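One-letter residues, chain by chain:
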Amino acid sequence: MSPVFPMLTVLTMFYYICLRRRARTATRGEMMNNHRTIESNSRASPLNAEVVQYAKEVVDFSSHYGSENSMSYTMWNLAGVPNVFPSSGDFTQTAVFRTYGTWWDQCPSASLPFKRTPPNFQSQDYVELTFEQQVYPTAVHVLETYHPGAVIRILACSANPYSSSPPAEVRWEILWSERPTKVNASQARQFKPCIKQINFPTNLIRLEVNSSLLDYYTELDAVVLHGMKDKPVLSLKTSLIDMNDLEDDDYEEKDGCGMDNLNKKFSSAVLREGPNNGYFDKLPYELIQLILNHLTLPDLCRLAQTCKLLNQHCCDPLQYIHLNLQPYWAKLNDISLEFLQPRCTLVQWLNLSWTGNRGFISVAGFSRFLKVCGSELVRLELSCSHFLNETCLEVISEMCPNLQDLNLSSCDKLPPQAFIHIAKLCSLKRLVLYRTKVEQTALLSILNFCSELQHLSLGSCVMIEDYDVVASMIGAKCKKLRTLDLWRCKNITENGIAELASCCPLLEELDLGWCPTLQSSTGCFARLARQLPNLQKLFLTANRSVCDTDIEELASNCTRLQQLDILGTRMVSPASLRKLLESCKDLSLLDVSFCSQIDNRAVLELNASFPKVFIKKSFTQ
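Under an unreviewed UniProt entry, the name given to the chain is F-box/LRR-repeat protein 4, and the organism recorded is Propithecus coquereli.

What follows is the structure, encoded as structure tokens:
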């Protein structure tokens, strides 16, 4: 036998295991649906009447299309009875998330995905809703009024947000989940998934969505929770559940939330140590590391329990250079961080988005982790991490001297004074402050000291008083800036645009959507087109003053343009759009919704002439 044969045998066995695991994953959704359908046949006693209730309030969410100071297109529209349903179309009274499709993943500002993300975690956004009464859920209905199909996961929480005393334990349970699927119809529907029965009452429901397959923004109108005040008694039909189905369902639960017993999974006290480990002893250390690099984090934890050799490999800090903990937000806590700590001394990319809320992670626990594991950090994702306070940002600024990428998106509970500490991170290249309470003084200090910035998001930052001053500082200090998000900034004028256009020539992406103080008559949009020839994405959403002259300037000067949003303008004609499409060969997205001169006939004609361009035309019934 050749010396290469044992190694090939081991690799073949590993490949077979991977194929077997993939086959299990592929059929798990079907088995879970069968399991849940049987569970949904449970019956309550006649005395236990069903309670039907709409959401009382929206307590948390990751993003929304609307403004922080209005109700149009905001998540807060999900509270209460329906505003629109059963009507179909684009209505301002509904809840809309910030993105859809894959367009945002194709922009210059898009971040690279994390490795080792479990395949069953595909959530992009979420919203949490409270209800008046705690019930044992029997059904959750979602009223979708436009481009349905984004909801992929529904969870229930054991904590009562209206209780005066904190709970001893907070548990999240998945009621229903499915992979993203394409829904071809854009009309309204009442989404009624078959949910799993849980053993605790709840009045806190979480919807998680994935909009990557949608042709346009999804719009949600209301959420209805059905349930019993007393725990229902399962009928005899539940005995039909196959034990294999239960095993696979449990496996998915562990794969999605497998961090609760991290200390046990990494314990090596009872690991066997035989005379040899077969052919694994003959494999190079680096090859085993490469193989293990394909495992998810829970699988790595499980493998660490098999023998001391694999435990050594599974605990090697090289396995944790990229660490994505977002998929495990429902279980991740201080104990998890404590047991990960010795293995993360070389971590460079760390994703803690959505984690630590409702007391799961403390300031002390986060600080201890970063003091040991922050020295090599280059990228830190903390979107919607509401445990953060000023102390946390101070620790980040002191313990992470090499940090280049910081995401604080929707950390709206951070106090304004906390952001001043970011100015110490002089190596920053990407900073996301979307929906935060950063104030002008702190932001100016950040811009002054972080001159290496290439990507900056200030969308929906309502505490900034004068965006012209901010734009002037960006122009003076951030010469390398490539992308800038000023979505819904309330007071930037042509003066701020002039500073950006003349001082940031490398800009490839600029979002000026819903900026009401910009007027085309000042020449600001034409100036952008002439001075920023590298633009690939330009959003001028809801600016009614955009006109044919602006479009023609873009056609003449911005031939690399790929995405353009001019929703809501009254002064753009089909002729100027045709010039744009003829000049910009790379254009792939053009949103002309509610453009009064662009009717459906014009869209059909442009689509026929330029079939590779997705031309969006929203409607209201």
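(A) Broad picture of the overall build of the chain. Per the secondary structure count, the chain includes 16 helices and 21 strands. Among the 621 residues that make up the chain, the fraction classed as buried is 55%. Taking contacts inside the chain between residues at least 6 apart in sequence as the whole, the part at least 24 apart equals 82%. Approximately 25800 Å² of the chain is accessible, and the part contributed by carbon and sulfur atoms is 53%.

(B) Structural detail: the pattern of salt bridges. What the rule picks out here adds up to 24 salt bridges. Across the salt bridge formed by Arg-171 and Glu-173, the nearest N and O atoms sit 3.5 Å from each other. Note that Arg-379 and Glu-381 form a salt bridge whose closest N and O atoms lie 2.9 Å from each other. Each member of the pair, Arg-379 together with Glu-381, is buried. In this structure, a network of salt bridges that share partners links the residues Glu-128, Arg-153, Arg-206, Glu-208 and Arg-358.

(C) The packing of aromatic side chains, seen in detail. Scanning the entire structure with this criterion turns up 19 aromatic pairs. Plain terms: the ring middles of Tyr-65 and Trp-487 are 5.1 Å apart, the flat faces sit at 75 degrees to each other, and that makes the pair edge-to-face. Of this pair, Tyr-65 sits in the loop between strand E2 (57-61) and strand E3 (95-96) while Trp-487 sits in the loop between strand E16 (483-485) and helix H12 (494-503), and the two are 422 residues apart along the sequence. Ring centres of Tyr-100 and Trp-104 lie 5.6 Å apart, and the angle between their planes is 65 degrees; on these two criteria the pair is classed as edge-to-face. Trp-104 sits in the buried class, given a relative accessible area of 18%. Following the ring pairs from residue to residue traces out a cluster consisting of Tyr-65, Tyr-73, Tyr-100, Trp-104, Tyr-146, Tyr-216, Tyr-217, Trp-487, Trp-514 and Phe-539. Stacked on the ring of Trp-514, the Lys or Arg Arg-488 has its end atom at 4.3 Å from the ring centre. We note Lys-537 situated over the ring of Phe-539; from NZ or CZ to the ring centre the distance is 4.5 Å.

(D) Seen up close, the pairing of strand E8 (residues 202-209). Within E8, 8 of the 8 residues are buried, which leaves it mostly tucked inside the rest of the structure. Pairing analysis gives 7 bridges linking strand E4 (residues 125-146) to E8, with the strands arranged antiparallel. Following the sheet pairing, Val-127 is matched in E8 by Leu-207. Pairing geometry for strand E5 (residues 151-157) and E8, over 6 bridges, is antiparallel. Paired with Ala-156 across the two strands is Ile-205, which belongs to E8.

(E) Looking closely at the pairing of strand E9 (residues 219-228). Counted residue by residue, E9 has 10 buried out of 10 residues, so it is predominantly covered. Taken together, the 9 bridges between E4 and E9 define a ladder with antiparallel strand orientation. Paired with Leu-143 across the two strands is Ala-222, which belongs to E9.

(F) Just helix H13 (residues 524-531), in detail. Among all positions of H13, only Cys-524, Phe-525, Ala-526, Leu-528 and Ala-529 are buried. The inward-facing, buried residues of H13 contact H12, strand E17 (509-511) and helix H14 (548-557).

(G) Here's a closer look at the environment of Leu-207. Structurally, the position occupied by Leu-207 is in strand E8. With a relative accessible area of 0%, Leu-207 lands in the buried category. Between the alpha carbons of Leu-207 and Val-127 there is a distance of 5.4 Å; along the sequence they are 80 residues apart. Excluding residues within four positions of it along the chain, Leu-207 makes contact with Asp-125, Tyr-126, Val-127, Leu-129, Val-142, Arg-153, Ile-154 and Val-223.

(H) Structural detail: the packing of H13 against H14. The interhelical angle for the contact between H13 and H14, taken along N-to-C directions, is 5 degrees, at an axis separation of 8 Å. In terms of orientation, H13 lies roughly parallel with respect to H14. Here Phe-525, Ala-526, Ala-529 and Arg-530 of H13 lie close against H14, whose contacting residues are Asp-550, Glu-553, Leu-554 and Asn-557. Partitioning the contact of H13 with H14 into residue classes produces 4 nonpolar, 1 polar and 3 charged.

(I) Quick look at the environment of Met-473. Mapped onto the secondary structure, Met-473 falls in helix H11 (residues 467-477). C-alpha of Met-473 to C-alpha of Leu-447: the two residues are 26 residues apart in sequence and 6.7 Å apart in space. Setting aside anything within four residues of it in sequence, one finds Met-473 in contact with Leu-444, Leu-447, Asn-448 and Cys-478.

(J) Looking closely at the nonpolar core. Grouped together as the largest cluster of nonpolar side chains are 113 residues, with contacts concentrated most on Leu-408 and Ile-422. A per-element tally of this core places helix H10 (residues 440-449) first, with 5 residues. The residues that make up this core include at least three from each of domain 2 (320-452) and domain 3 (472-620). Those residues in contact with Ile-422, other than ones at most four positions away along the chain, are Leu-393, Leu-406, Leu-408, Leu-428, Leu-431, Leu-433, Ile-446 and Cys-450.

Basis of the calculations
Residues numbered from 1 in each chain as written. Predicted model: local features only at pLDDT ≥ 70, side-chain atom pairs only at ≥ 80, totals over all residues. Heavy atoms only, no water. Helix = DSSP H or I, 4+ residues; strand = E, 2+ residues; numbered from the N terminus. Buried < 20%, exposed > 50% of the residue type's maximum accessible area, 1.4 Å probe, protein only. Contact = heavy atoms within 4.5 Å. Areas by Shrake-Rupley, 256 points an atom, 1.4 Å probe, with all protein chains shown as cover. Salt bridge = Lys/Arg side-chain N within 4 Å of Asp/Glu carboxyl O. Phe/Tyr/Trp six-rings, centres within 6.5 Å; stacked < 30°, edge-to-face > 60°. Lys NZ or Arg CZ within 6 Å of the ring centre and 35° of its normal. Pairing = 2+ DSSP bridges. Axes fitted to C-alpha atoms, helices over the stretch in contact; angles between N-to-C directions. Parallel < 35°, antiparallel > 145°, perpendicular 65-115°, else oblique. Nonpolar A, V, L, I, M, F, W, Y, C, P; charged D, E, K, R; others polar. Core = buried A, V, L, I, M, F, W, Y, C linked by side-chain atoms within 4.5 Å. Domains from an automatic or database assignment.

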